[in-house]
Amino acid sequence: MNYSLRQLRVFLAVARHGSFSRAADAVGLTQPAVSRAVADFEEALGVRLLDRTTREVLLTDAGEALVPALERLLGQLDDTLEETRQLGERYRGRVVIASAPTISARLMPLYVAACARRYPDIRLSVRDNVQADGLEQIRAGAVDFGVLIDPMAREGLTTAPLATDPFCFVCRCDHPLAGKSSVPWSALDGLPLVLLDSASGSRPLIDQIFARHGIAPHVVQEMGHSASVFGMVEAGIGASVLPSFSLPLPAASSLVSCALTPAEERRIVMVRREDRSLSPSAAAVWELVQELQIPGRLASS
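Each chain has its residues counted from 1, following the order in which its sequence is written. Selection of residues for local features in this predicted model requires a pLDDT of at least 70, selection of side-chain atom pairs for listing and counting requires 80 or more, and totals for whole chains, interfaces and linings are taken over all residues. By convention in this description, side-chain values take in all heavy atoms of the structure and omit both hydrogens and water.

What follows is about the pattern of salt bridges. By definition here, a salt bridge exists when the distance from a side-chain nitrogen of Lys or Arg to a carboxyl oxygen of Asp or Glu is within 4 Å. Within the structure shown, the criterion is met by 14 salt bridges. Salt-bridge contacts for Arg36 lead to Asp40; the nearest nitrogen and oxygen are separated by 2.8 Å. You can see Arg36 and its partner Asp40 sitting in helix H3 (residues 31-45), four residues apart, about one turn around the helix. The class of Arg36 is partly exposed, set by a relative accessible area of 46%. As a salt-bridge pair, Glu222 and Arg203 come within 2.7 Å of each other at their nearest N and O atoms. Residue Glu222 is located in strand S9 (residues 218-223), and its partner Arg203 is located in helix H8 (residues 202-212); the two are separated by 19 residues in the primary sequence. Accessibility expressed as a relative area gives 8% for Arg203, which makes it buried. Secondary structure elements follow DSSP: runs of H or I of four or more residues count as helices, runs of E of two or more count as strands, with numbering from the N terminus. A simple rule labels every residue: compare its accessible area, found with a 1.4 Å probe on the protein chains alone, to the largest value its type can have, and call it buried under 20%, exposed over 50%, or partly exposed in between.

See the structure below:
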């Protein structure tokens, strides 16, 4: 096959931006040049990577499969060239971490700031995605490691504990259970609930807790993010069970939160592929994250 590094980078730009014109701006080429580079790359591979319409550009199945592998390989190439250029200094280059939204909001700022102080030549990037996508990126090798909710399926993965995060009850201030210092899980039986959907790492744990306490939940809505759950609860659609990392509640809202009893929690862990060694820079960040003390009740036990 005859293809160029430029064609690979141009294809990735189109895949990321979903547009030939935006990709052209990103890589500093004309739109016809971008179209020609992608067409030549497809011809060299003998497979269509993109479906083009008048309104959008979509990845084919082959394109979807190729993107994470190319991102990993080109990232490794960029890191290798950078490390070669700056030979003699150990901790340089890019480290990419996958993180779930509530963890991105609460923990990742601590880690990014600490990394900048200790390793100013490491470019630490956070991929903020739902749990399912984060695990997929780890397994595909598209990120160095993740800070996620402890996965139920650990085959091929190595984990290290970081913190525990208790679940809490969230409702409107006019809800019958509002104002209580704590709410028993049994009180949720049959209660209309707005919950995170199954793509989150918390939902499978919440479902397990319901089953363990013999609760038959009445789920009226399933949302992808805590902010969406807050909106539904404030509108009176139902109450919710959320991890405490989702707090604080939106300012000036009518929402209140309290503890659920008995206490149930999720475990926050670092996750990486078992069969993949970390680069020196990624290993340094992994150790740094383990060293950092998480304040208050969220500290790992």
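Next comes the rest of the write-up.
Aromatic rings from Phe, Tyr and Trp, with only the six-membered ring used for Trp, were paired whenever their centres fell within 6.5 Å, and each pair was classed as stacked if the ring planes differed by under 30 degrees, edge-to-face if by over 60, and tilted otherwise. Using the criterion set out here, one finds four aromatic pairs in the structure. On the numbers, 5.1 Å between centres and 80 degrees between planes, the contact of Phe145 with Trp286 is edge-to-face. With Phe145 in strand S5 (residues 145-149) and Trp286 in helix H10 (residues 280-291), this pair connects stretches of sequence that are 141 residues apart. Summarising the burial analysis for this pair, Phe145 and Trp286 share the class buried. Residues Trp185 and Phe210 carry aromatic rings whose centres are separated by 6.0 Å and whose planes lie at 75 degrees to one another, so their mutual orientation is edge-to-face. Here the residue Trp185 occupies a position in the loop between strand S7 (182-184) and strand S8 (192-196), and Phe210 occupies one in helix H8, the gap between them amounting to 25 residues.

What follows concerns the confidence of the model for the protein. For the protein, mean pLDDT is 89; residues scoring 70 or higher make up 95% of the total. The score called pLDDT rates the predictor's confidence residue by residue, from a low of 0 to a high of 100. The contact rule is simple, with two residues in contact once any of their heavy atoms fall within 4.5 Å. Across residues 296-301, confidence stays below pLDDT 50; counting only partners more than four residues off in sequence or on other chains, it has 18 contacts.

Below, the discussion takes up unusual backbone geometry. Of the consecutive residues Leu247 and Pro248, the connecting peptide bond is found in the cis state with omega at 10 degrees. Mapped onto the elements, Pro248 comes out in the loop between strand S10 (240-243) and strand S11 (255-261). In this chain, Thr261 is followed by Pro262 through a cis amide linkage whose omega measures -5 degrees. Topologically, Pro262 is positioned in the loop between S11 and strand S12 (265-273). Unusually for a residue other than glycine, Ala252 sits at a positive phi of about 65 degrees. Within the secondary structure, Ala252 is located in the loop between S10 and S11.

With that settled, consider a nonpolar patch on the surface. Each patch is assembled from residues with relative accessible area greater than 30% and no salt bridge, linking like charges that lie within 9 Å and nonpolar side chains (Val, Leu, Ile, Met, Phe, Trp, Tyr) that lie within 5 Å. In this description, accessible areas are obtained by the Shrake-Rupley approach with a 1.4 Å probe, and a residue is regarded as covered only by the protein chains that are shown. A cluster of nonpolar side chains, namely Leu5, Leu77 and Leu81, defines an oily patch on the protein surface of about 240 Å² accessible area. One can find Leu5 in helix H1 (residues 5-17).

Moving on, we get to the pairing of S8. The buried fraction of S8 amounts to four of the five residues, a majority that puts the element mostly inside the structure. Two strands make a pair as long as DSSP finds a minimum of two bridges between them. Two strands pair when backbone bridges link them, and S8 and S9 are joined in this way by five bridges, in the parallel orientation. Bridge pairing in S9 places Leu195 opposite Glu222. Handedness of the crossover joining S8 and S9 through H8: right-handed. Throughout, right-handed denotes a crossover for which the path from the first strand over the helix to the second runs clockwise when the strands point away from the viewer.

All right, on to the environment of Ser182 then. Within the secondary structure, Ser182 is located in strand S7. Ignoring anything within four residues of it in the chain, the contact list for Ser182 reads Cys258, Ala259 and Thr261.

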